[in-house]
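As a plain string of letters, each chain reads:
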Amino acid sequence: SAVISQKPSRDICQRGTSLTIQCQVDSQVTMMFWYRQQPGQSLTLIATANQGSEATYESGFVIDKFPISRPNLTFSTLTVSNMSPEDSSIYLCSVGGVGTGTAGGYTFGSGTRLTVV
Amino acid sequence: EDQVTQSPEALRLQEGESSSLNCSYTVSGLRGLFWYRQDPGKGPEFLFTLYSAGEEKEKERLKATLTKKESFLHITAPKPEDSATYLCAVQRGSQGNLIFGKGTKLSVKP
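Calculation rules
- Residues numbered from 1 in each chain as written.
- Chains lettered and ligands numbered in written order.
- Predicted model: local features only at pLDDT ≥ 70, side-chain atom pairs only at ≥ 80, totals over all residues.
- Heavy atoms only, no water.
- Helix = DSSP H or I, 4+ residues; strand = E, 2+ residues; numbered from the N terminus.
- Rg over C-alpha atoms; globule rule 2.2 N^0.38 Å.
- Buried < 20%, exposed > 50% of the residue type's maximum accessible area, 1.4 Å probe, protein only.
- Contact = heavy atoms within 4.5 Å.
- Areas by Shrake-Rupley, 256 points an atom, 1.4 Å probe, with all protein chains shown as cover.
- Lys, Arg positive; Asp, Glu negative; His and termini not counted.
- Charge placed at Lys NZ, Arg CZ, Asp CG, Glu CD.
- Pairing = 2+ DSSP bridges.
- Axes fitted to C-alpha atoms, helices over the stretch in contact; angles between N-to-C directions.
- Buried area = accessible area lost by both parts, 1.4 Å probe.
- Salt bridge = Lys/Arg side-chain N within 4 Å of Asp/Glu carboxyl O.
- Polar contact = N/O pair within 3.5 Å; in protein donor to acceptor, adjacent residues only side chain to side chain.
- Nonpolar A, V, L, I, M, F, W, Y, C, P; charged D, E, K, R; others polar.
- Disulfide = S-S within 2.5 Å.

Enquirer: Help me understand the overall build of chain A in this model?
Expert: Along its length, chain A carries zero helices and 11 strands. Start at the N end of chain A and walk to the C end: the helices and strands fall as β-β-β-β-β-β-β-β-β-β-β. The C-alpha atoms of chain A give a radius of gyration of 13 Å, which matches the 13 Å a tight globule of 117 residues would have. Counting only C-alpha atoms and orienting by the principal axes, one finds that chain A spans roughly 40 × 30 × 25 Å.

Enquirer: What's the story with the overall build of chain B in this structure? I'm lost.
Expert: Looking only at helices and strands, one finds zero helices and 11 strands in chain B. Beginning at the N terminus, the succession of helices and strands in chain B can be written as β-β-β-β-β-β-β-β-β-β-β. Based on the C-alpha atoms only, the size of chain B along its principal axes is roughly 45 × 30 × 20 Å. In chain B, which comprises 110 residues, the share counted as buried stands at 48%. For chain B, restricting intrachain contacts to residue pairs at least 6 apart in sequence, the fraction spanning at least 24 positions comes to 54%. For chain B, the accessible area works out to roughly 5,500 Å², and carbon and sulfur atoms hold 46% of it. Looking at charge distribution, chain B has the averaged site of its 15 positive side-chain charges lying 3 Å from that of its 14 negative ones.

Enquirer: Would you mind going over unusual backbone geometry with me for this structure?
Expert: Trans peptide bonds make up most of the peptide bonds, and negative phi angles are found at most residues other than glycine. Following lysine 7 of chain A, the chain continues to proline 8 of chain A via a peptide bond in cis, the omega torsion being -5°. With respect to the element layout, proline 8 of chain A can be found in the loop between β1 (4-7) and β2 (10-13). Along the chain, serine 7 of chain B connects to proline 8 of chain B via a cis peptide bond; the corresponding omega equals -10°. As for its position among the elements, proline 8 of chain B is in the loop between β1 (3-7) and β2 (10-14). Phi angles above zero are rare outside glycine, and asparagine 82 of chain A is one such case at about 45°.

Enquirer: Help me out: how do you make sense of the sheet that holds β1 of chain A in this one?
Expert: Strand pairs in the sheet, formed through backbone hydrogen bonds, run parallel or antiparallel to each other. Residue and element names in this part refer to chain A. On the basis of which strands lie adjacent, the open sheet formed by four strands has the order β1-β3-β8-β7 and antiparallel pairing. If you trace the sheet from one side to the other, it starts and ends with β1 and β7 (68-72), each paired once. Averaged over all adjacent pairs, the angle separating strand axes in this sheet is 15°, with direction ignored. Sheet analysis places strand β3 (residues 19-25) next to strand β8 (residues 75-80), joined by six bridges and oriented antiparallel. Across the sheet, residue cysteine 23 finds its bridge partner in β8, namely serine 76.

Enquirer: Is there a simple way to think about the interface of chain B and chain A in this case?
Expert: With 18 residues of chain B in contact, the opposing surface of chain A contributes 18 residues. A buried area of about 1,400 Å², summed over both sides, lies between chain B and chain A, and 54% of it is on carbon and sulfur atoms. Considering only the surface of chain B that becomes buried against chain A, Pro44, Asn97 and Phe100 of chain B emerge as the three largest contributors, covering 28% of it. On inspection of chain B and its partner chain A, the count reaches zero salt bridges. Where chain B packs against chain A, one counts six residue pairs in polar contact (both at pLDDT 80 or more). At the level of secondary structure, the elements contributing two or more residues to the side of chain B that touches chain A comprise β4 (30-38), β5 (45-50), β9 (84-92) and β10 (98-100) of chain B. At three residues, β4 of chain B tops the list of elements feeding residues into the side of chain B that touches chain A. Its residues placed into classes, the side of chain B that touches chain A shows eight nonpolar, eight polar and two charged.

Enquirer: Even after reading the chapter, I still don't get the state of the cysteines, so can you show me in this structure?
Expert: Here, disulfide denotes a covalent bond that connects the sulfur atoms of two cysteines. All names here are of chain A. Evaluation of the coordinates by the stated rule reveals two disulfides over all chains. Note on cysteine connectivity: cysteine 23 is disulfide-linked to cysteine 93, with sulfurs 1.9 Å apart. Linking cysteine 23 and cysteine 93, the disulfide has an S-S dihedral of approximately -60° and is accordingly described as left-handed. With cysteine 23 in strand β3 and cysteine 93 in strand β9 (residues 89-96), the pair connects residues that are 70 residues apart, well separated along the chain. The exposure classification of cysteine 23 matches that of cysteine 93, with both residues buried. The closest cysteine sulfur to the non-disulfide-bonded cysteine 13 is located on cysteine 23, 18 Å from its own sulfur. According to the relative accessible area criterion, cysteine 13 is buried, its value standing at 8%.

None of this, on its own, says anything about what the molecule does.
Now the structure itself:
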């Protein structure tokens, strides 16, 4: 299956600052997604990262707060902007589609644990 | 509204004590149902994909089944290393993303 490298694994940030999370995949993938997992909650989709075009955001998430880049089929970044303590969560990159080796399922990165103080 | 509900929220078993986890769903145009395992501080690890009612998949001590309204993850003779949170997710026919349940936290005591 596809192998995802997600960086950083964790960070503690001051409120009002921004953090950029990187997701590198070892093979070209069609679909790439960014999820958020708040403490004690399940995964919620933030957006679908589209190669060569703007990301598609889910209800409740906006580009100004969570800008996403996807310059090619193996790499994407998610920025959490103007952070507040409510942004403290685990952020996860996920890939799916042909070649990911999960029988139609999706592979996840190890996540970025963000704490905003 | 598409929804995934998992029960119980938490489950404590003795080593060797078999049990089942439930995932009930309402979704328009189910494309697939997925089971994941998540260990603390890590991303979800893919276990199974089920596509149609009546389908079953097995892997070691785990067996997943699917009906038109729910899925079960059966754990036979669990070991302490099976302790984790088990997540269920569905994929809608017209969408690429997954909708997750809140998970079942399984603890297996020796």
